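# Structural overview
Below, each chain spelled out in residue letters.
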Amino acid sequence: MRKEKQRMSNSARSRQRAFHMMLFLPVLLLFIFNYLPIFGLVMAFQDFQPGLGFLKSKWVGFDNFKTIYYLPDFLPALRNTLMIALGKIIGNIAVPLTFALMLNEIKNKLFKKTVQTATYLPYFLSWIVLSGILINFLSQGNTKSDTGLFNMFLQTIGLIGEPVNFLGDKNIFPWTMILTDVWKNFGYNAIVYLAALTGIDPGLYEAAAIDGAGRWKQTIHVTIPGIAPIITLMTVLSIGNILNAGFDQIFNLYSASVYSTGDIIDTLVYRLGLVNQQYSLSATVGFFKSVVSGILIVASYKLADKFAGYRVF
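What counts, and where the lines are drawn
- Residues numbered from 1 in each chain as written.
- Predicted model: local features only at pLDDT ≥ 70, side-chain atom pairs only at ≥ 80, totals over all residues.
- Heavy atoms only, no water.
- Phe/Tyr/Trp six-rings, centres within 6.5 Å; stacked < 30°, edge-to-face > 60°.
- Helix = DSSP H or I, 4+ residues; strand = E, 2+ residues; numbered from the N terminus.
- Buried < 20%, exposed > 50% of the residue type's maximum accessible area, 1.4 Å probe, protein only.
- Axes fitted to C-alpha atoms, helices over the stretch in contact; angles between N-to-C directions.
- Left-handed = near helix turned anticlockwise from the far one by under 90°.
- Contact = heavy atoms within 4.5 Å.
- Nonpolar A, V, L, I, M, F, W, Y, C, P; charged D, E, K, R; others polar.
- Salt bridge = Lys/Arg side-chain N within 4 Å of Asp/Glu carboxyl O.

### Focus on the packing of aromatic side chains
- Tallying each qualifying case throughout the model produces 20 aromatic pairs.
- Taking the centre distance of 5.9 Å and the plane angle of 90° together, the rings of F124 and Y188 count as edge-to-face. Here F124, found in the loop between helix 5 (109–120) and helix 6 (127–137), pairs with Y188, found in helix 8 (residues 173–197); they are 64 residues apart in sequence, far enough to count as distant.
- Taking relative accessible area as the criterion, Y188 reaches 32% and is therefore assigned partly exposed.
- Here F137 and F150 contribute two aromatic rings whose centre-to-centre distance is 5.7 Å and whose plane-to-plane angle is 35°, an arrangement assigned as tilted. You can see F137 sitting in helix 6 and its partner F150 sitting in helix 7 (residues 149–156), a full 13 residues away along the chain.
- Judged by relative accessible area, F137 falls into the partly exposed class, the value being 36%.

Here it is as structure tokens:
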């Protein structure tokens, strides 16, 4: 009996060892790309010179934090980040929720699965791929032959006269970023709400139908209250992303003509550090974003625990 237990224990340890080996490479990559760069934050407190390195570069304390406040691009980038991120948060809650409620009313299972699959496929495409597609699709064009399909469609149905420069007009660009991000993610984000809808007791709908409630009233009085905790949870948790406006999307789609409304903190960090080689200021702006985001994430989890009963630990 003891030998049998020992053999089972050895077998369990062997399986666990295989799982640990599978985790080794992801953990190593996480350490290299997410934890090692943290040491670079020391540049935020230095007048960093690559030739001198971290140890010999001059320490300037909090002078860099005072400097970034007076940078002409910093406050506009902060404003743009908040505006675009807030728009994405609202859109990525409202649109998936509405889509899930509509999809839930469809009784044809084949059609329902086909629509769901088609809508969440864009989520798996990177912004590198989608940016090329969107640049052609939304192109204003210099001639009729190279006008993007979307402009041609809007002209055909009579909504616009001349093609619109969706990616070059500073007033339209932020809304283009918000709407394209929502389009990319809404099908995948709807999965959370569809899963929550399956947890609603069917007896509640039957009781509502007996009381004379139609589908609309059932949605208002049964469906939405039934998934209200999930809606609250997703809304609260999204607060931590208020300074994440989507670097990969904006970097691949913006240009100098839309800096005033499309430049965000992440793209500003990129230009300061890798383009202008102002490493200390770049690290300072990134450090500022990290601190504020960390505070917001902690606050969002506290609110999630209070209002939705969600706890990480």
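Alright, that's what it looks like, and here's the rest.
### Observations regarding unusual backbone geometry
- One non-glycine residue, Q277, adopts positive backbone phi at about 60°.
- For Q277, the position within the fold is in the loop between helix 13 (265–275) and helix 14 (279–308).

### Examining the packing of helix 9 (residues 202–210) against helix 10 (residues 215–237)
- One can describe the packing of helix 9 onto helix 10 by two numbers: an axis separation of 10 Å at closest approach and a directional angle of 145°. As helix 9 runs across helix 10, the sense of the crossing is right-handed. Listed contacts from helix 10 to L204, Y205, A208 and A209 of helix 9 are Q218, V222 and T223.
- A breakdown of the residues in the contact of helix 9 with helix 10 according to their chemical character gives five nonpolar, two polar and no charged.

### A few points about the environment of V222
- Within the secondary structure layout, V222 lies in helix 10.
- Each residue touching V222, except ones within four places of it in the same chain, is listed here: I200, L204, Y205, A208 and K217.

### Section: the environment of V275
- Considering the arrangement of structural elements, one finds V275 in helix 13.
- Assessed through its relative accessible area of 48%, V275 is described here as partly exposed.

### Comments concerning the pattern of salt bridges
- One pass over the full model with this rule turns up four salt bridges.
- Here R215 makes a salt bridge to E105, at a shortest N to O gap of 3.0 Å. Residue R215 is located in helix 10, and its partner E105 is located in the loop between helix 4 (74–104) and helix 5; the two are separated by 110 residues in the primary sequence.
- By relative accessible area, R215 is classed as partly exposed at 40%.

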